[in-house]
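As a plain string of letters, each chain reads:
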Amino acid sequence: MRPIQMVDLKQQYTKIRAEVDAAIGEVLDNAAFINGKAVTDFAERLSAYTGSKHVIPCANGTDALQIAMMALDLQPGDEVITPSFTYIATTEVVALLRLKPVFADVDPRTFCLDPASLEKAISSRTKAIVPVHLYGQSAPMEEIMQIAGKHGLHVIEDNAQAIGCEYRFGSGIVKKTGSIGIIGTTSFFPSKNLGGYGDGGAIFTDDDTLATRLKMTANHGQSRRYYHDLVGCNSRLDTIQAAVLNVKLKRLDDYIAARRLAADHYDNAFKANPKIRIPYRAPYSRHVFHQYTLVLDGVNRDGLHDYLAAKNIPSMIYYPVPAHRQKMFAAFGAGSCKLDTTDWLTERVISLPMHTELDEEQLQTISAAVLDYINN
Ligand SMILES: *Cc1c(COP(=O)(O)O)cnc(C)c1O
């Protein structure tokens, strides 16, 4: 059996090696390392794939969030509501821009923003909401968009973990996550569902005026060469990364299918066990399983992690400390937030290996080891 890894990028690469190497070779031959043709091709293809009119590539998913907030012209002290149960980048950029992070709780089933908690967090200073499609499942976007509409708030979707995920509205209309809010952002960090071989990110919008501002913001606020109208930053997707991503974007739906198949295997192994809650599959969402995350009930979670590690089976806690308990946000009084579900989940979640290359034998080995620990 091949060694089990959280994410097996090497094995995935061996299957697309010829195409990836040729694509990188072409960039080297043309020496167009910055804003080469692969970058514009990739933006166009990603726009077609996601249904977002404009795709603005940038250097990483954290920059994408920062550029989104800069382009919306949020002012110091404006409040931005995010979940606390997320990767730090979502909330860090809020503080970096001298905006005020306000944390809302999540739904214990979806792990995503709870609309009731979101609505309670809104004040007269709130300007934006950042729902995170955590682990590959969409946040309840219809409710979130309704709440945002009622209060006149911007919605920036942090889609770093859910590219390719679909959301179905009550009307039957289906949209890709990241194309629903006024802006969507994503990351091409290697382990993401669409990952490059280095850092990368992108910003999505249907709004023409905003697209121009986003592009300018990512490029030193430049309107034409050496004319700088806005304070911006320098955030680009390397041509080499775009070349790799072009090869992988073609396969994204197959990659998602492979993840969903692995998730089905785990689900079948665990669904009857009263101590394990398998990932909820919201009827409105097509889960893309960036992570396969269990909620354990009456199990020593860290004991399970160590037990698996001793058998060379990796597992991860995403995330061991929620944002509102990070020292970074102490100055915002975040420590006194009451986010019961976030705290509860933080103690009980565990993510198992999830990637496109898991085979039956590996899945069987992982599930059997988890059940061994839990049943004994
Ligand atoms: C990965 C990730 C980011 C940041 O992406 P980088 O490319 O690493 O900067 C932001 N938000 C979430 C939810 C993520 O998982």
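Below is a short write-up of the structure. (Residues numbered from 1 in each chain as written. Predicted model: local features only at pLDDT ≥ 70, side-chain atom pairs only at ≥ 80, totals over all residues. Heavy atoms only, no water.)

## Here we look at helix α11 (residues 340–348)
Every buried residue of α11 is accounted for by Thr341, Thr342, Leu345 and Thr346. For α11, the buried positions fall inside an angular range of 135° around the axis, keeping them on one side. If you follow the buried residues of α11, they end up packed against β14 (292–296), α10 (301–310) and β15 (349–352). (Buried < 20%, exposed > 50% of the residue type's maximum accessible area, 1.4 Å probe, protein only. Helix = DSSP H or I, 4+ residues; strand = E, 2+ residues; numbered from the N terminus. Arc of directions from axis to C-beta. Contact = heavy atoms within 4.5 Å.)

## Observations regarding the pairing of strand β3 (residues 100–104)
Within β3, four of the five residues are buried, leaving the element largely enclosed by the surrounding structure. Here five bridges tie strand β2 (residues 79–83) to β3, and the two strands are oriented parallel to one another. Residue pairing across strands places glutamate 79 opposite lysine 100, the latter belonging to β3. A crossover links β2 with its parallel partner β3, the connecting element being helix α4 (residues 89–96), and its sense is right-handed. (Pairing = 2+ DSSP bridges. Right-handed = clockwise from strand over helix to strand, strands pointing away.)

## Things to note about the environment of lysine 311
Here lysine 311 is to be found in the loop between α10 and α11. By relative accessible area, lysine 311 is classed as partly exposed at 42%. C-alpha separation for the pair lysine 311 and isoleucine 182, spaced 129 residues apart in sequence, amounts to 46 Å.

## Notes on the environment of valine 7
Considering the arrangement of structural elements, one finds valine 7 in the segment before α1 (9–30). Relative accessible area serves as the criterion here: at 27%, valine 7 is assigned to the partly exposed category. Residues valine 7 and proline 190, spaced 183 residues apart in sequence, show a C-alpha to C-alpha distance of 9.4 Å. Ignoring anything within four residues of it in the chain, the contact list for valine 7 reads Ser191, Met354 and His355.

## Structural notes on the pattern of salt bridges
One pass over the full model with this rule turns up 17 salt bridges. Across the pair arginine 301 and aspartate 302 runs a salt bridge whose closest N-O atoms are separated by 2.8 Å. By relative accessible area, aspartate 302 is classed as partly exposed at 44%. Among the ionic pairs, lysine 338 bridges to aspartate 340, the shortest N-O distance being 2.8 Å. Shared partners join several salt bridges into a network, and the residues in it are Arg2, Asp8 and Asp359. (Salt bridge = Lys/Arg side-chain N within 4 Å of Asp/Glu carboxyl O.)

## Topic: the site of the ligand
Neighbouring the ligand are 14 residues; Gly61, Thr62, Asp158, Ser187 and Lys192 lie closest to it. Within the side chain of aspartate 158, one N or O atom sits 2.8 Å away from a nitrogen atom of the ligand. Side-chain polar atom of glutamine 161 to an oxygen atom of the ligand: 2.8 Å apart, as the coordinates give it. If the ligand stood free it would expose 380 Å²; the protein chains cover 93% of that surface. Counting only elements with at least two residues in the shell around the ligand, the list comes to α3 (61–71) and α4. Of the residues belonging to the shell around the ligand, the class tally is four nonpolar, eight polar and two charged. (Near = heavy atom within 4 Å. Polar contact = N/O pair within 3.5 Å; in protein donor to acceptor, adjacent residues only side chain to side chain. Areas by Shrake-Rupley, 256 points an atom, 1.4 Å probe, with all protein chains shown as cover. Nonpolar A, V, L, I, M, F, W, Y, C, P; charged D, E, K, R; others polar.)

## Remarks on the sheet that holds β15
Paired through backbone hydrogen bonds, the strands of a sheet run either parallel or antiparallel to each other. The strand order across the open sheet formed by three strands is β12-β14-β15, and the pairing between neighbours is antiparallel. Each edge of the sheet is formed by a strand with only one pairing partner; in this case those strands are β12 (276–277) and β15. Two strands pair when backbone bridges link them, and β12 and β14 are joined in this way by two bridges, in the antiparallel orientation. Residue arginine 277 lies in a different strand from β14, and its bridge partner there is valine 295.

## Considering the side chain of histidine 355
Considering the arrangement of structural elements, one finds histidine 355 in the loop between β15 and α12 (360–375). The class for histidine 355 is buried, based on a relative accessible area of 3%. Within the local environment of histidine 355, its side chain forms a polar contact with the backbone oxygen of glutamine 5, the two atoms lying 3.3 Å apart. Polar side-chain contacts of histidine 355 include one of 3.0 Å to the backbone nitrogen of glutamate 357. Dropping the residues within four chain positions of it, histidine 355 is found in contact with Gln5, Met6, Val7, Asp8 and Arg259.

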